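Each chain, written out:
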Amino acid sequence: MAEDSDLERTEPASAKRLSMAREDGNIPRSRELSTFAVTMTGVALLMVLGGKIARYLGDTMQKLLTFDQSTVQNTEPVLARFKESIFGALWELAPFFGGLALVALFTPMLIGGWNLTFKALEPNFGKLNPLPGIKRLVSINSATEALKAILKSLLIGGIATWYIWKERDEIIGLLAMPLESGALKLTDLLIRTFFIVTASLILLVAIDVPYQLWSYYKKLRMTKEEVKQEYKEAEGSPEVKGRIRQMQREAARKRMMQEVPKANVIVTNPTHFAVALKYDENMRAPQIVAKGSLKLAEKIIDTGKDSRVPVMRSPRFARALYFNAELGEDIPSALYAAAAQVLAYVYQLQQYQSVGGVAPVFPDKLEVPEELDPYSKRPQDSAPEESR
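Residues numbered from 1 in each chain as written. Predicted model: local features only at pLDDT ≥ 70, side-chain atom pairs only at ≥ 80, totals over all residues. Heavy atoms only, no water.

A.B. asks: Account for a positive patch on the surface, naming residues and giving values.
C.D. replies: On the surface, R245, R249, R253 and K299 cluster together into a patch of positive charge. If you tally residues by element for the positive patch, the top one is helix α12 (residues 238–259), at 3 residues. (Patch = residues over 30% accessible without salt bridge, like charges linked within 9 Å, V, L, I, M, F, W, Y side chains within 5 Å. Areas by Shrake-Rupley, 256 points an atom, 1.4 Å probe, with all protein chains shown as cover. Salt bridge = Lys/Arg side-chain N within 4 Å of Asp/Glu carboxyl O. Lys, Arg positive; Asp, Glu negative; His and termini not counted. Charge placed at Lys NZ, Arg CZ, Asp CG, Glu CD. Helix = DSSP H or I, 4+ residues; strand = E, 2+ residues; numbered from the N terminus.)

So, in structure tokens, the structure goes:
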């Protein structure tokens, strides 16, 4: 059951999947919205510009069909007049067709937006396979489109029939009107009919737009396994990332262990924590060059002993350094006094080991503020560990 649930497309499409769909030319579209916008714009423009266009075309036809003796004997004026009439008609119709073009161009911005891609033009021999085409013919989408076509026909036919029947008296009255006034009245009636029929298409648009959006995002849904795989590809496999982090830690640990022989002293807990300190005249304060706990602490101590770095047992100081300073950083100013005591002891010990004299005494109590030691309530001691 778990495997079946992983194969079900229950997850919404990711941003990457949506982007890939756009690159392939797959975006939501509503033909009903485009049809409604263009048709309604055409009717509105006819209502505004129809009278002017009709008068111009009527005057033009009258001029073209009016002949005198000069035009009968010479065809050049007729051709010139015909050419002038053609360009004039195009100029008069330019606002109408320009408005339709703008609406057709900007309507896609309402759903899906513009999308310029050439992948749809790439050759795809899989489209020659008739089986997918047959499946599309019996798909839910085909049934939905057929149902929309039936509803559209019933809606348009019903609205048109209702309005014509409503205006039947006015239509019959056209027979008794003069030709010119009757033609104007008929034109007005046709435009009003087109407007009402086109306005009724808003019902189809209100249904089709949400359906197209729902259908689009439903087709792009992902299985849980696809979501996991995409996350791995985007963020990297957890196993690979874990291995990278492990290698980074190993490299950092290796670099840290290379700094242990350069330290002046290693302060221990004695074995739970170990911190290697280094200080020279170019430094503002002592710095931590290595630190670790448990096995890493043991390794730091062993490396220090092999490199003849003094190892001092001071639990409270070691813990304060371990928890309050990072590698390569200066120690906290509150620990300056304790560090000065330890370094002074180290310098005295090196002097004693090289020329002899009085053996230095390790400071029993280092000045370590309790707030810097997480275990300050426990009894502590300070005594030098064996050093070389």
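A.B. asks: Residues and numbers for the layout of surface pockets, please.
C.D. replies: There is about 460 Å³ of room inside the largest pocket. Along the walls of the largest pocket sit 17 residues, with G50, G51, A54, L184 and T187 positioned nearest its centre. Of all the secondary-structure elements, those providing two or more residues to the lining of the largest pocket are α3 (31–64) and α9 (179–200). Here the lining of the largest pocket takes 9 residues from α3, the largest share from any one element. Looking at side-chain class alone, the lining of the largest pocket contains 7 nonpolar, 5 polar and 5 charged residues. The calculated volume of the second largest pocket comes to roughly 360 Å³. Taken together, N26, I27, P28, R29, R31, N141, E145, K148, Q212, S215, Y216 and K219 form the lining of the second largest pocket. For the lining of the second largest pocket, the secondary structure elements donating two or more residues are α7 (140–166) and α10 (202–219). Of all the elements, α10 adds the most residues to the lining of the second largest pocket, at 4 residues. (1 Å grid on protein atoms, 1.4 Å probe; cavity = no way out; pocket = protein on both sides within 12 Å on 5 of 7 lines; lining within 4 Å. Points joined across faces, edges and corners; volume = space filled by probe spheres on them. Nonpolar A, V, L, I, M, F, W, Y, C, P; charged D, E, K, R; others polar.)

A.B. asks: Tell me what's going on with the pairing of strand β2 (residues 273–278), and back it up with residues and numbers.
C.D. replies: In terms of residue burial, β2 counts as a mostly covered element, since 5 of its 6 residues are buried. Sheet topology note: the strand β1 (residues 265–268)/β2 ladder contains 4 bridges and is antiparallel. Its bridge partner lying in β2, I266 is registered against A276. As paired elements, β2 and strand β3 (residues 287–293) share 6 bridges and run antiparallel to each other. In the strand pairing of β3, K278 is matched with Q287. (Buried < 20%, exposed > 50% of the residue type's maximum accessible area, 1.4 Å probe, protein only. Pairing = 2+ DSSP bridges.)

A.B. asks: Talk me through the confidence of the model for the protein; I want residue IDs and the actual numbers.
C.D. replies: For the protein, the average pLDDT comes to 78, and 82% of its residues sit at 70 or higher. Mean pLDDT in the protein bottoms out at helix α1 (residues 2–7), which sits at 51, and peaks at β2, which reaches 89. Under a pLDDT of 50 for its full length, residues 379–388 has, in the predicted model, 33 contacts with residues more than four places off or in other chains. (pLDDT = per-residue confidence, 0-100. Contact = heavy atoms within 4.5 Å.)

A.B. asks: Provide a residue-level description of helix α14 (residues 315–324), including the pertinent values.
C.D. replies: In terms of residue burial, α14 counts as a mostly covered element, since 7 of its 10 residues are buried. Listing the buried residues of α14 in full gives P315, F317, A318, R319, A320, L321 and Y322. Tucked into the core, α14 has its buried residues touching β1, β2, β3, β4 (311–313) and α15 (336–355).

A.B. asks: Account for the nonpolar core, naming residues and giving values.
C.D. replies: Core analysis: the biggest nonpolar cluster contains 26 residues, and V265, L277, F317, L321 and L335 have the highest contact counts within it. Every element with two or more residues in this core is listed here: β1, β2, α14 and α15. Looking at this core element by element, the count peaks at 7 residues for α15. In contact with L335, not counting residues within four places along its chain, are F317, A320, L321, V368, P369 and L372. By size, the runner-up hydrophobic cluster in this structure holds 15 residues, among which are A263, V289, L296 and I301. (Core = buried A, V, L, I, M, F, W, Y, C linked by side-chain atoms within 4.5 Å.)

A.B. asks: Could you give an account of the packing of aromatic side chains, naming the residues involved and the relevant values?
C.D. replies: For any pair of aromatic rings, the description consists of the separation of the ring centres together with the inter-plane angle of the planes. Summed over the entire model, instances satisfying the criterion amount to 7 aromatic pairs. For the pair F96 and F97, a centre-to-centre distance of 5.2 Å together with 80° between the ring planes defines the contact as edge-to-face. Since its relative accessible area comes to 14%, F96 is described here as buried. Both rings, one in Y216 and one in Y217, keep their centres 5.2 Å apart while their planes meet at 80°; by these two values the pair is edge-to-face. One aromatic cluster is present, formed by F273, Y322 and F323 through successive ring pairs. If you follow R168 out to its NZ or CZ, it ends over the ring of W165, 4.3 Å from the centre. (Phe/Tyr/Trp six-rings, centres within 6.5 Å; stacked < 30°, edge-to-face > 60°. Lys NZ or Arg CZ within 6 Å of the ring centre and 35° of its normal.)

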